[in-house]
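Commentary on secondary and tertiary structure
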Amino acid sequence: MNFQIHTDHSKCGDCPIRHRAVCAHCDQDELEALEEIKYYRSFEAGQTIIWSGDQMSFVGSMVSGIASLTQTMEDGRTQMVGLLLPSDFVGRPGRDFAPYDVVATTDIVMCCFRKKPFEELMAHTPHIAQRLLQMTLDELDAAREWMLVLGRKTAREKIASLLSIIARRDASLTKGGMSGPMVFDLPLTREAMADYLGLTLETVSRQMSALKRDGVILLEGKRHVTIPDMGRLMEEAGDDTDGGFLV
């Protein structure tokens, strides 16, 4: 596997995802214990991070970039079943094998922990165990909401929902809040959006153009997105403006 390992990265206290990651509630002693078992990996867009069925020797957090979770059927058909965004946790303590393919959608940096030492640390570090439980429950809520997106929402609502997810996650990482226009670079190609949403490429392109024409979003090129009014985007997504899922 073509990845790079880094050992000279910033300390945990300087981490850009520190306030959202699995170590968010750790005290200084706990951070120092994590420092002893962590290392960084970087992957290029398109590389497979983990194959389904592989034995996992590490767990970790997405520091930057986006990865997809994909499941392959016996006849070769594949389905993207989830996205991993910055601060999301990869792997499951207590589970030896990966249930999904994890593929880098963009260039990625991961903060990794050796699996066995991490599991031992969890046993006597309540802050880590509690935060991981909280993240797992949030992920469950997001999965249930995503069932609604895929099963009941129109194509326009699906596109608006995905844009709102990415926009809110970007805002949560920068601690900038959702007041005023929100600006971000869309990390997914139109093809990846179509795969994730169960739409055709033509439908995604048409709906993105319609949202732009109606002033819901502003686009520079295909990736640079500005949302003038987050409340309006949430209405287009069919969600309440007070939150939604996957924040």
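**Section: the sheet that holds strand E3 (residues 48–50)**
Adjacent strands of a sheet form backbone hydrogen bonds with each other and so pair up, either parallel or antiparallel. The four strands are arranged E3-E8-E5-E6 in an open sheet whose pairing can be described as antiparallel. Across the chains shown, the open sheet's two edge strands, defined by having one partner strand only, are E3 and strand E6 (78–84). The sheet shows a mean angle of 35 degrees between the axes of neighbouring strands, direction not considered. Relative to E6, strand E5 (residues 67–72) is paired through six bridges, and the arrangement is antiparallel. Considered in E6, the bridge of Gln-71 is made with Gln-79.

**Considerations on the pattern of salt bridges**
All told, the structure shown has nine salt bridges when counted by the stated rule. The salt bridge involving Glu-35 is made with Lys-38; its shortest N-O contact spans 3.4 Å. The salt bridge involving Asp-214 is made with Arg-213; its shortest N-O contact spans 3.9 Å. Among the residues examined, Arg-213 registers a relative accessible area of 63% and is labelled exposed.

**Describing helix H6 (residues 201–213)**
Counted at 1.5 Å a residue, the expected span for H6 with its 13 residues is 18 Å, and the 18 Å between its end C-alpha atoms agrees. All buried positions along H6 are accounted for by Thr-203, Val-204, Gln-207, Met-208, Ala-210 and Leu-211. Taken end-on, H6 shows its buried residues confined to a sector of 160 degrees, consistent with a single buried face. In H6, the exposed positions that point more than 90 degrees away from the buried face belong to Glu-202 and Arg-213. In the stretch just after H6, Gly-215 is the one whose phi turns positive, near 80 degrees.

**Quick notes on the packing of helix H5 (residues 190–197) against H6**
Put simply, H5 and H6 touch, their axes get as near as 8 Å, and they point 110 degrees apart. Between H5 and H6, the angle is such that the two are roughly perpendicular. Along its contact with H5, which presents Arg-190, Glu-191, Met-193 and Ala-194, the element H6 presents Leu-201, Val-204, Ser-205 and Met-208. Looking at the contact of H5 with H6 residue by residue, the class counts come to five nonpolar, one polar and two charged.

**Some thoughts on a negative patch on the surface**
A contiguous patch of negative charge on the surface is contributed by Asp-27, Asp-29, Glu-32 and Glu-36. Counting through the fold element by element, Glu-32 comes out in helix H1 (residues 28–35). Judged by relative accessible area, which is 42%, Glu-32 ranks as partly exposed.

**Thoughts on H5**
The buried count for H5 comes to six of eight residues, which makes it a mostly enclosed element. Every buried residue of H5 is listed here: Arg-190, Ala-192, Met-193, Ala-194, Tyr-196 and Leu-197. Looking one or two residues beyond H5, the residue adopting positive phi is Gly-198, at roughly 70 degrees.

About the cut-offs
Residues numbered from 1 in each chain as written. Predicted model: local features only at pLDDT ≥ 70, side-chain atom pairs only at ≥ 80, totals over all residues. Heavy atoms only, no water. Pairing = 2+ DSSP bridges. Helix = DSSP H or I, 4+ residues; strand = E, 2+ residues; numbered from the N terminus. Axes fitted to C-alpha atoms, helices over the stretch in contact; angles between N-to-C directions. Salt bridge = Lys/Arg side-chain N within 4 Å of Asp/Glu carboxyl O. Buried < 20%, exposed > 50% of the residue type's maximum accessible area, 1.4 Å probe, protein only. Expected span 1.5 Å × (residues − 1). Arc of directions from axis to C-beta. Parallel < 35°, antiparallel > 145°, perpendicular 65-115°, else oblique. Contact = heavy atoms within 4.5 Å. Nonpolar A, V, L, I, M, F, W, Y, C, P; charged D, E, K, R; others polar. Patch = residues over 30% accessible without salt bridge, like charges linked within 9 Å, V, L, I, M, F, W, Y side chains within 5 Å. Areas by Shrake-Rupley, 256 points an atom, 1.4 Å probe, with all protein chains shown as cover. Lys, Arg positive; Asp, Glu negative; His and termini not counted. Charge placed at Lys NZ, Arg CZ, Asp CG, Glu CD.

Functional significance is not addressed by these values, which are geometric in nature.
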